[in-house]
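Listed below are the residues making up each chain.
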Amino acid sequence: MTSTAEPGERRDLESPRLAGKVVAVSGATSGSGRAIARRFVAEGADVVMLARGKDRLLAEAAALGPSAVPIVTDVGSLESVHAAFDEIADRFGKLDVLINNAAVYRPCYVEQLSDLDIMQQVHTNFVGPVLTCRAAIPLLRAAGGGDIVNTSSESTLDPFPMLSIYVATKAALEAFSRTLMTEVQDEDIRVTVLVQGTAHEGDGPTDFAWDPDNAATAFNVWTEKGYLAKVQGRTGSTGQSSDDVADVHVYIVTRPRGQKLDTVHVRSY
């Protein structure tokens, strides 16, 4: 059931469902990540907001109040992830939920990919979640168990042209997640792959600028070949709202501990 709380406000409950929980969200300053952070604060959690841009991060955290803890983090950087999770450990001594939401993509044909395009997507979309999962496991263990939610994309089910690296990194993240599930399940650490359809509102999954010519070509190709129609669903919208996506995250992590949701696919209908 969707919360009726205003952004950044806790629901009017005697005991919020996530009171006392510590939740880390990557890519927490835009799109779905911002909505997820807002919703988990509303549910009573302390939310560690991980993002690269300092000024924007501090502003978004301030808007959510004292339960939002901003930590400037580039998830694709080994040193940055180490520093962020050391800070989480020092401040809270545990972690109950890790949400790997950060992702970037730049639509273009393979031959047009720059070295920077390739490395940024690989490091943010795949290496980053590997690093954060590794760093989070001891803190999840200290909490007596918890949840990892790794965000994938339904583009892995029907690969879009001009999104080769994005699709490949998300497919790799799914394979990594399935293996990680088998390693940590005996410690009551659940790993869920969230296969997410298009979400509207906010800034989308990337804060890297797209080349306007490549973007125009991609949208023309996706329209002509029917890819956009596939993700619009029956409503013909551009996708579910970011708040809907946040609602699904809360649903996943509040399941009884005996339930496993290995893969959840959420999209507009």
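The structure under discussion appears in the preceding block.
In this text, all values refer to a predicted model and were calculated from it rather than measured experimentally. (Residues numbered from 1 in each chain as written. Predicted model: local features only at pLDDT ≥ 70, side-chain atom pairs only at ≥ 80, totals over all residues. Heavy atoms only, no water.)

Engineer: When you look at the overall build of the chain in this model, what are you seeing that I'm missing?
Structural biologist: Scanning the chain from N- to C-terminus turns up 8 helices and 9 strands. Looking at the chain as a whole, 51% of its 269 residues are labelled buried. If you take every contact in the chain between residues at least 6 apart in sequence, the share linking residues at least 24 apart comes to 74%. (Helix = DSSP H or I, 4+ residues; strand = E, 2+ residues; numbered from the N terminus. Buried < 20%, exposed > 50% of the residue type's maximum accessible area, 1.4 Å probe, protein only. Contact = heavy atoms within 4.5 Å.)

Engineer: Mind showing me how you'd approach the sheet that holds strand β2 (residues 46–51) here?
Structural biologist: Within a beta sheet, neighbouring strands are joined by backbone hydrogen bonds and run either parallel or antiparallel to one another. Reading across from one edge, β3-β2-β1-β4-β5-β6-β9 is the order of the 7 strands in this open sheet, with parallel pairing throughout. Because the sheet does not close on itself, it has two edges, and the strands there are β3 (68–72) and β9 (263–266). Taking each pair of neighbouring strands and ignoring which way they run, the sheet shows an average axis angle of 20 degrees. Sheet strands in contact with helix α2 (residues 54–64) are β2 and β3, and its direction is about 175 degrees off that of β3. (Pairing = 2+ DSSP bridges. Axes fitted to C-alpha atoms, helices over the stretch in contact; angles between N-to-C directions.)

Engineer: How do you make sense of the pairing of β2 when you look at a structure like this?
Structural biologist: The two faces of a sheet get side chains in turn, since along a regular strand they alternate between them. When you tally the buried positions in β2, you get 5 out of 6 residues, the bulk of the element. With 5 bridges joining them, strand β1 (residues 22–26) and β2 adopt parallel strand pairing. Its bridge partner lying in β2, V25 is registered against M49. Note on the crossover from β1 through helix α1 (residues 31–42) to β2: the handedness is right-handed. Inspection of the sheet shows β2 paired to β3 by 5 bridges, in the parallel sense. The residue of β3 that forms the bridge with M49 is P70. (Right-handed = clockwise from strand over helix to strand, strands pointing away.)

Engineer: I would appreciate a short explanation of empty space enclosed by the protein in the present structure.
Structural biologist: Any empty space left between the atoms is revealed when a probe the size of a water molecule rolls over them. Here the structure, examined in full by the defined rule, presents 2 cavities of 30 Å³ or more. Approximately 30 Å³ is the volume attributed to the second largest cavity. If you trace the second largest cavity, you find it lined by R106, C108, L113, Q121, M162, L163, S164, I165 and Y166. Among the elements that make up the lining of the second largest cavity, the one with the highest residue count is helix α5 (residues 164–184) (3 residues). (1 Å grid on protein atoms, 1.4 Å probe; cavity = no way out; pocket = protein on both sides within 12 Å on 5 of 7 lines; lining within 4 Å. Points joined across faces, edges and corners; volume = space filled by probe spheres on them.)

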